[in-house]
Amino acid sequence: MVNRLSGSPLFKRLASSVSRGFSTSTKQASGEVSGATRNAVLATVATGGLAAWYVNLYGNPIKAVTLAEHGLHPAEYPWSHNGWLDTFDHSSLRRGFLVYKEVCAACHSLNLVAWRTLVGVTHTSDEVRAMAEEFEYDDEPNDEGEIEKRPGKLSDYIPAPYANEQAARAANQGALPPDLSLIIKARHGGCDYVFSLLTGYPDEPPAGATVAPGLNYNPYFPGGGIAMGRVLFDGLVEYEDGTPATTSQMAKDVTTFLNWAAEPEHDVRKKTGLKVLIITGTLWAISLWVKRFKWSPIKTRRIVYKPPKL
Amino acid sequence: MAISTVIYNTFFRRNSIFVGTVLFGAFAFEIGFDSTIDKFWDARNSGKQWKDIKYKYVEKDDEE
């Protein structure tokens, strides 16, 4: 049947290989199991056994950390700056800075943010100047070598609530309030985590949850026991633009602000990314076209063999 | 005269003109490309940026 179908050399080659395959298999079926086959079976069994032993030993590790100790994973929230080409909601940044200044700044520093960086992002330069002047900074030494105080300038950094770590721990029962400059980058879940943490304090811990004395229960905090208590309550601050200051509104605003503090280069980064994708995409398309253009004679050529006439 | 000949005679014949065209073209392209991206960015994020809300706070300063 194969021979009847075959008109071309390809079919003939196929047919011959098929018939060879048939002949080998018939020979094996009729004869004894060869040494090579036995070795292959043994090797397969040994490999499978080794793998099963390995999985049994290491595949199901004992977890030293329970899910509660790992912390509840936050839900994903639709932040207005989530998209590849979306900037921050700057009204929200302005409200968020107010929340930081009036609530968070009592314990948390913002060491990496200078007053000047707020200009043109959340406030006008006059507003920032006025805010900076409310704080006193060390001036340069005078003629007697004494350091006097001067009002803050735009180039100063936002002052920390405590002089040093020891003072911060002493004021907070040994717990250190972390610096918030990079907190969004420094925590798994970023904005979602910080927002969930701020809004996730239940009225009382659930049954079975134990909280060490001096700690507060928050399911989003790894371990569940967090030294910071709930700080955001409805109406705690008064927004100048009339936005109702609910707990979640304040948490959303301050989280957005902290995301800006951690990523002040955010807008430039996204814009540059778009430019890079457009330029490299175009160059890629051009290079593809050039390659096909250059190769077209090679791809479309035909090699003909003319046998010499004998 | 064919268009390719015109282009060749104008831009490619003298090396100084050719290099100048490359440099000037890079400048012109960068300016145009960047401003296009900025316009797109501003249109997409209209109302969210500082320049969109700035008027609320600058006017208040003038009253003082």
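Cut-offs used in this document
- Residues numbered from 1 in each chain as written.
- Chains lettered and ligands numbered in written order.
- Predicted model: local features only at pLDDT ≥ 70, side-chain atom pairs only at ≥ 80, totals over all residues.
- Heavy atoms only, no water.
- Helix = DSSP H or I, 4+ residues; strand = E, 2+ residues; numbered from the N terminus.
- Rg over C-alpha atoms; globule rule 2.2 N^0.38 Å.
- Buried < 20%, exposed > 50% of the residue type's maximum accessible area, 1.4 Å probe, protein only.
- Areas by Shrake-Rupley, 256 points an atom, 1.4 Å probe, with all protein chains shown as cover.
- Lys, Arg positive; Asp, Glu negative; His and termini not counted.
- Charge placed at Lys NZ, Arg CZ, Asp CG, Glu CD.
- Axes fitted to C-alpha atoms, helices over the stretch in contact; angles between N-to-C directions.
- Left-handed = near helix turned anticlockwise from the far one by under 90°.
- Contact = heavy atoms within 4.5 Å.
- Nonpolar A, V, L, I, M, F, W, Y, C, P; charged D, E, K, R; others polar.
- Buried area = accessible area lost by both parts, 1.4 Å probe.
- Salt bridge = Lys/Arg side-chain N within 4 Å of Asp/Glu carboxyl O.
- Polar contact = N/O pair within 3.5 Å; in protein donor to acceptor, adjacent residues only side chain to side chain.

**Q** Which parts of the structure should I look at to understand the overall build of chain B?
**A** When its secondary structure is counted, chain B shows 3 helices and 0 strands. Listing each helix as α and each strand as β along chain B from the N terminus yields α-α-α. Relative to the globule expectation of 11 Å for 64 residues, the C-alpha radius of gyration of chain B, 22 Å, shows a markedly less compact shape. With the C-alpha coordinates of chain B rotated into their principal frame, the extents come out at 65 × 25 × 15 Å. Taken across its 64 residues, chain B has 17% of its residues classed as buried. Working note: accessible area of chain B is about 5,100 Å², and carbon and sulfur atoms make up 64% of it. In chain B, which carries 9 positive and 10 negative side-chain charges, the distance between the mean positions of the two groups comes to 12 Å.

**Q** Before we go on, may I ask you to explain the packing of helix H9 (residues 190-199) of chain A against helix H10 (residues 247-262) of chain A in this structure?
**A** For any two helices packed against each other, one specifies the crossing angle of their axes together with the interaxial distance. Residues and elements named next belong to chain A. Between H9 and H10, whose axes approach to 9 Å, the crossing angle comes to 145°. Crossing geometry of H9 relative to H10 is assigned as right-handed. Contacts from Cys 191, Val 194, Phe 195, Leu 198 and Thr 199 of H9 reach H10 at Thr 247, Ser 248, Ala 251, Lys 252, Val 254, Thr 255 and Asn 259. Considering only residue class, the contact of H9 with H10 consists of 6 nonpolar, 5 polar and 1 charged.

**Q** Hey, could you run me through the interface of chain A and chain B in this one?
**A** A common way to report how large an interface is uses the accessible area buried once the components associate. Contacts between the two partners involve 24 residues from chain A and, on the opposite side, 18 residues from chain B. When chain A packs against chain B, the two sides together hide about 1,900 Å² of surface, and 64% of this comes from carbon and sulfur. Between the two partners, chain A and chain B, sit 3 salt bridges. Its salt-bridge partner being Asp86(A), residue Arg44(B) comes within 3.0 Å of it at the nearest N-O pair. In this assembly, chain A and chain B are joined by 10 residue pairs in polar contact (both at pLDDT 80 or more). The set of elements that each furnish at least two residues to the side of chain A that touches chain B consists of helix H5 (90-102), helix H6 (125-133) and helix H11 (266-300) of chain A. The element contributing the most residues to the side of chain A that touches chain B is H11(A), with 7 residues. Among the residues forming the side of chain A that touches chain B, the class breakdown is 6 nonpolar, 8 polar and 10 charged.

**Q** Is there a simple way to explain the pattern of salt bridges in this structure?
**A** Once the charged atoms of two side chains with opposite charge are near each other, the side chains can pair. Residue and element names in this part refer to chain A. Within this structure, the stated rule accounts for 14 salt bridges over all chains. Among the ionic pairs, Asp 138 bridges to Lys 149, the shortest N-O distance being 2.7 Å. Of this pair, Asp 138 sits in strand S1 (residues 136-141) while Lys 149 sits in strand S2 (residues 147-151); the two residues are 11 residues apart in sequence, bridging distant segments of the chain. Between Arg 169 and Glu 165 there is a salt bridge, and its shortest N-O distance comes to 3.0 Å. Pair noted here: Arg 169 and Glu 165 are both in helix H7 (residues 165-171), with a separation of 4 residues, about one helical turn. Given the relative accessible area of 34%, Arg 169 is considered partly exposed. For Glu 165, a relative accessible area of 40% translates into the label partly exposed.

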